[in-house]
Amino acid sequence: DMKSLAVAQLQAFLALKRSGVTPRKSVILLATSSEETGSDVGSKWILHAHPELVARFELFLDEGGVVEAVSPGQVKYWGIEFAQKHFTELVFCWHDRARLEELAVDLLAESRRRAPLRLDPAVLEFVAAYGPSRDDPRLQRILGRPATLIENARDREHLTPFLRALFQNSLGAFPVREGEGGGYELPVMVQALPGSSLEEALADTLEPGLGAGLTYNLRPVGGAGEASPVAHPAFRTLAAVVAAKYPGVHVGPYLLPWSYSDARLFRAAGIPSYGFSPFLLVAADTFTAAQPNERMAIDAFVEGVALYEEAVRRLVE
């Protein structure tokens, strides 16, 4: 679904070939499928079926980078994804759709109420870089001293849903669907912080007794919670390329709390992985994200392709 980034990656690949420069390492354009349906015939298949290829991987670049900009001249934060929550699908099954729809409401309400705040090391690394880019002085203060969230309920109330998700294991419920064998299914995504196990996430979010009597199954989405190092030379190179193009912009790590990419799979295989977006998208451009006819300004696209070419060139020097 990342056609814009796929074009930038292909152009960078072709530009490197045309340059006549022999890179010190092989550069592989890895085009895989099924990322949104589990990557079973995509990246997971590559990792399992081609260990001889995977053994050569020293770095993996993927989607997942986030650019927060009010306008082309006012970029608040340019985030390079280095970590994300890890996910397990919990599917409840029952013959009554209404019962499952009620359960979805109860599960989300109870998980928000009961999940304790956790200060995950990867999250702390993210918010230390991200906090100074906030306009609200209170958020700057809270993210600069996140330990106060444990003791100060007023600070917790001031967090946006996105920021709260960074400090809690959480759940996300999808619409009830018809089951393949009859009846209905309620898919629930268990979203575990990078340093939390699935058992901890379930204990944090699931109220004992909710869903009693229903059948359910757990299906790991794959990957693990490790973060890729911000001190890695590749991360520093990507940040330097952005900083050279957009002087004065906050560039730093970004952690995905609600979505995931195939970077999680390569991290689990011990390969440093980063999500990097080269496109300067303003806030209005993001309103159509995940909708038909996604679009961006043509200047942002053309400049982003050039930025990605520069990033790849620098990485292989």
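Refer to the structure above for everything that follows.
Residues numbered from 1 in each chain as written. Predicted model: local features only at pLDDT ≥ 70, side-chain atom pairs only at ≥ 80, totals over all residues. Heavy atoms only, no water.

**Regarding a nonpolar patch on the surface**
Reasoning step 1: Nonpolar side chains collect at one region of the surface, where Leu10, Phe13, Leu14 and Leu29 lie side by side and expose about 290 Å² of accessible area between them.
Reasoning step 2: Position of Leu29 relative to the elements: it lies in the loop between helix H1 (3–19) and helix H2 (43–49).
Reasoning step 3: Residue classification places Leu29 among the partly exposed residues on the basis of a relative accessible area of 36%. (Patch = residues over 30% accessible without salt bridge, like charges linked within 9 Å, V, L, I, M, F, W, Y side chains within 5 Å. Areas by Shrake-Rupley, 256 points an atom, 1.4 Å probe, with all protein chains shown as cover. Salt bridge = Lys/Arg side-chain N within 4 Å of Asp/Glu carboxyl O. Helix = DSSP H or I, 4+ residues; strand = E, 2+ residues; numbered from the N terminus. Buried < 20%, exposed > 50% of the residue type's maximum accessible area, 1.4 Å probe, protein only.)

**Describing the packing of aromatic side chains**
Think of a pair of aromatic rings as described by two things: how far the centres are apart, and how the planes are tilted against each other in angle.
Reasoning step 1: Under the defined criterion, the tally for this structure stands at 17 aromatic pairs.
Reasoning step 2: Ring geometry for Phe92 and Tyr216: centres 5.9 Å apart, planes at 45 degrees, overall tilted. Pair noted here: Phe92 is in strand S4 (residues 86–94) and Tyr216 is in strand S8 (residues 215–220), with a separation of 124 residues, a long-range link.
Reasoning step 3: Each member of the aromatic cluster is reached from another via a ring pair, and the members are Tyr77, Phe126, Tyr130, Phe162, Tyr254 and Trp258.
Reasoning step 4: Taking NZ or CZ as reference, Lys245 lies 6.0 Å from the ring centre of Tyr246, over its face. (Phe/Tyr/Trp six-rings, centres within 6.5 Å; stacked < 30°, edge-to-face > 60°. Lys NZ or Arg CZ within 6 Å of the ring centre and 35° of its normal.)

**Looking at the nonpolar core**
Reasoning step 1: Ranked by internal contacts, the top residues of the largest apolar core, which has 53 residues, are Trp78, Phe126, Leu166, Phe167 and Phe276.
Reasoning step 2: When residues in this core are grouped by element, the largest group, 7 residues, is from helix H13 (residues 298–316).
Reasoning step 3: One finds Leu103, Ala104, Val190 and Ala201 within the second-largest nonpolar core, a separate group that totals 15 residues. (Core = buried A, V, L, I, M, F, W, Y, C linked by side-chain atoms within 4.5 Å.)

**A closer look at the packing of H1 against H13**
Reasoning step 1: Remark: H1 packs on H13, axes separated minimally by 8 Å, with the N-to-C direction vectors making an angle of 50 degrees. By the criterion of interaxial angle, the relationship of H1 to H13 is oblique. Relative to H13, the crossing made by H1 is right-handed. From H1, Ser4, Leu5, Val7, Ala8, Gln9, Gln11, Ala12, Ala15 and Leu16 reach across to H13, where they touch Phe301, Val305, Tyr308, Glu309, Val312 and Val316.
Reasoning step 2: The residue makeup of the contact of H1 with H13, split by class, is 11 nonpolar, 3 polar and 1 charged. (Axes fitted to C-alpha atoms, helices over the stretch in contact; angles between N-to-C directions. Parallel < 35°, antiparallel > 145°, perpendicular 65-115°, else oblique. Left-handed = near helix turned anticlockwise from the far one by under 90°. Contact = heavy atoms within 4.5 Å. Nonpolar A, V, L, I, M, F, W, Y, C, P; charged D, E, K, R; others polar.)

**Describing the pattern of salt bridges**
Reasoning step 1: By the definition in use, this model includes 17 salt bridges.
Reasoning step 2: Of the charged contacts, one joins Arg267 and Glu81 as a salt bridge, the two residues approaching to 2.9 Å between their closest N and O atoms. Pair noted here: Arg267 is in helix H12 (residues 263–268) and Glu81 is in strand S3 (residues 74–84), with a separation of 186 residues, a long-range link.
Reasoning step 3: Taking relative accessible area as the criterion, Arg267 reaches 6% and is therefore assigned buried.
Reasoning step 4: Residue class for Glu81 comes out buried when judged on its relative accessible area of 0%.
Reasoning step 5: Between Arg219 and Glu89 there is a salt bridge, with the nearest N and O atoms lying 3.1 Å from each other. In this pair, Arg219 sits in strand S8 while Glu89 sits in strand S4, placing the two residues 130 residues apart along the sequence.
Reasoning step 6: The class for Arg219 is partly exposed, based on a relative accessible area of 33%.
Reasoning step 7: On the accessibility criterion, Glu89 (11% relative accessible area) is buried.

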